[in-house]
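Take a look at the letters that make up each chain.
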Amino acid sequence: MSDSAKILLNLLDLERLDRNLYRGIGSGGETPIRIYGGQVIAQALAAAYATVPDRLCHSLHAYFIRAGDPSLPVIYEVDPSRDGGSFTTRRVVAMQNGKQILNLAASFHISESGWQHQHSIPNVPGPDRLVSRAEQHSQHAHRITASQRTEFTRERPFEIREVDPRDPLNPVQTSDINHMWIQMEAAKGANPQLQHILMAYASDFGLLGSALRPHGLTWYRPEAMTASLDHTMWFHAPVHFENWHLYSMDSPFAGGGRGFNRGSIYTQDGQLVASVAQEGLMRPLRS
């Protein structure tokens, strides 16, 4: 197991402080500047799962309230809202310095059978035909400042291969449709709850970036203030994140300083396992 995978799994292993009260590590995620949104969502889901032993999450809805400080731990308070015959509901509040940074509501469902249908997986090149994001970053590393280079090229726990990658430093305007393949080898053998938590963590990768694509923007150009505002996720089928999954994203709308983004996550053989939606801040920076 890679060092980056060990760090991530440690981040997602919360400390129990009291009944329905947990503590998570703030540092070590995707960015040293503020806590990566997917990390807080994943930790909040882990806290909820710690109080739900017998069924799996089918949906979660989160609001980002304040930016998280990676130098501080995050406290997660779980409200056991309802334990029903078929559904269980939990509300989780994430706090730092006594202030809320995220609210999350999650619903858990027993296993049931019923009618089935789904949209087909998009017809895109498979991961074996694509270059990894790590290789892409190494090719561009000489173009950024030395202070940014270590973070830009450091090892990540997930392997990502983009179908239509852009130049991060000199992007052109392009379609909002955004496909990437993603996997985490260290997920092999993880229980179903941890598989969901890992996918929730990864579901924030590239999502807001879909709304930036038509405007020739990336995280590495200081032209826009960006931040995730909310995040919703539905789990449809069992997750085995050690295998390749296609994350197919688009952005149907941007306006009023916000961008709306959607995502569908498929197994390599075409099963839809999760759906995602998010609105993000896209505020133009002025001199």
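Residues numbered from 1 in each chain as written. Predicted model: local features only at pLDDT ≥ 70, side-chain atom pairs only at ≥ 80, totals over all residues. Heavy atoms only, no water.

> Mind showing me how you'd approach the domain arrangement of the protein here?
The parts lose accessible area when they come together, and the size of an interface is often stated as this lost area. Each assigned domain of the protein is listed with its residue range as follows: domain 1 (1–110) and domain 2 (127–286). Computed from C-alpha atoms alone, the centre-to-centre distance between domain 1 and domain 2 is 20 Å. Facing 32 residues of domain 1, the contacting portion of domain 2 comprises 29 residues. When the two sides are added together, the surface that domain 1 and domain 2 hide from each other amounts to roughly 2600 Å², 62% of it contributed by carbon and sulfur. It is Leu-8, Glu-30 and Tyr-36 that lose the most area in domain 1 upon contact with domain 2, and together they represent 21% of the buried surface on that side. Seen at the junction of domain 1 and domain 2, the total is zero salt bridges. Applying the counting criterion to the domain 1 and domain 2 interface returns 11 residue pairs in polar contact (both at pLDDT 80 or more). Among the elements of the structure, helix 1 (3–11), helix 2 (37–49) and strand 3 (56–64) are those that each provide at least two residues to the side of domain 1 that touches domain 2. Grouping the constituent residues of the side of domain 1 that touches domain 2 by class yields 19 nonpolar, 10 polar and three charged. (Domains from an automatic or database assignment. Contact = heavy atoms within 4.5 Å. Buried area = accessible area lost by both parts, 1.4 Å probe. Salt bridge = Lys/Arg side-chain N within 4 Å of Asp/Glu carboxyl O. Polar contact = N/O pair within 3.5 Å; in protein donor to acceptor, adjacent residues only side chain to side chain. Helix = DSSP H or I, 4+ residues; strand = E, 2+ residues; numbered from the N terminus. Nonpolar A, V, L, I, M, F, W, Y, C, P; charged D, E, K, R; others polar.)

> Would you mind showing me how to read the nonpolar core here?
Most often, soluble globular proteins keep nonpolar side chains buried together rather than apart. One finds Tyr-76 and Leu-102 to be the most contacted residues of the largest nonpolar core, which totals 57 residues. No fewer than three residues from each of domain 1 (1–110) and domain 2 (127–286) sit in this core. (Core = buried A, V, L, I, M, F, W, Y, C linked by side-chain atoms within 4.5 Å. Buried < 20%, exposed > 50% of the residue type's maximum accessible area, 1.4 Å probe, protein only.)

> Explanation requested: the pairing of strand 3 in the structure shown.
Successive residues of a regular strand alternate their side chains across the two faces of the sheet. Across eight bridges, strand 3 lies against strand 6 (residues 99–109) in antiparallel orientation. Bridge pairing in strand 6 links Ala-62 to Leu-104. Across five bridges, the pairing between strand 3 and strand 10 (residues 230–235) is antiparallel. Paired with Ala-62 across the two strands is His-231, which belongs to strand 10. (Pairing = 2+ DSSP bridges.)

> Sorry if this is basic, but what is going on with the packing of aromatic side chains here?
In this description, an aromatic ring pair is defined by two values, namely the gap between the centres and the angle between the planes. With the rule as written, the count across this model stands at seven aromatic pairs. Look at Tyr-36 and Phe-205: their rings are 5.5 Å apart centre to centre, the planes differ by 20 degrees, and that puts the pair in the stacked class. One end of the pair, Tyr-36, is in the loop between strand 2 (21–24) and helix 2; the other, Phe-205, is in the loop between helix 5 (192–202) and helix 6 (209–212), and 169 residues separate them in sequence. Taking the relative accessible area as the measure of exposure, Phe-205 reaches 7% and is therefore buried. Aromatic side chains Phe-158 and Phe-205 sit 5.5 Å apart centroid to centroid with 80 degrees between the ring planes, which places their arrangement in the edge-to-face category. Here Phe-205 lies in the loop between helix 5 and helix 6 and Phe-158 lies in the loop between helix 4 (146–153) and strand 7 (159–162), a separation of 47 residues in the sequence. Each member of the pair, Phe-158 together with Phe-205, is buried. A connected cluster of aromatic rings, assembled from ring pairs, spans Tyr-36, Phe-158, Tyr-201, Phe-205 and Phe-241. (Phe/Tyr/Trp six-rings, centres within 6.5 Å; stacked < 30°, edge-to-face > 60°.)

> Got a minute to help me understand the pairing of strand 5 (residues 87–96) in this structure?
Examined bridge by bridge, strand 4 (residues 74–83) and strand 5 share seven bridges and lie antiparallel to one another. Its bridge partner being in strand 5, Arg-82 is matched across the sheet by Thr-89. Taking the residues that link successive antiparallel strands as the turn, the strand 4-strand 5 hairpin has three residues. Both strand 5 and strand 6 contribute to a ladder of 10 bridges, which runs antiparallel. Across the sheet, Thr-88 pairs through a bridge with Phe-108, a residue of strand 6. In this structure, the hairpin formed by strand 5 and strand 6 is closed by a connection of two residues, where Asn-97 is found at a positive phi of approximately 55 degrees.

> Quick question: what am I supposed to make of helix 5 here?
Of all the 11 residues making up helix 5, eight are buried; the element is thus mostly covered by neighbouring parts of the structure. Of the positions making up helix 5, those classed as buried are Gln-195, His-196, Ile-197, Leu-198, Met-199, Ala-200, Tyr-201 and Ala-202. Regarding helix 5, its N-cap is Asn-191, as a side-chain oxygen of that residue lies 3.2 Å from the backbone nitrogen of Gln-193 further along.

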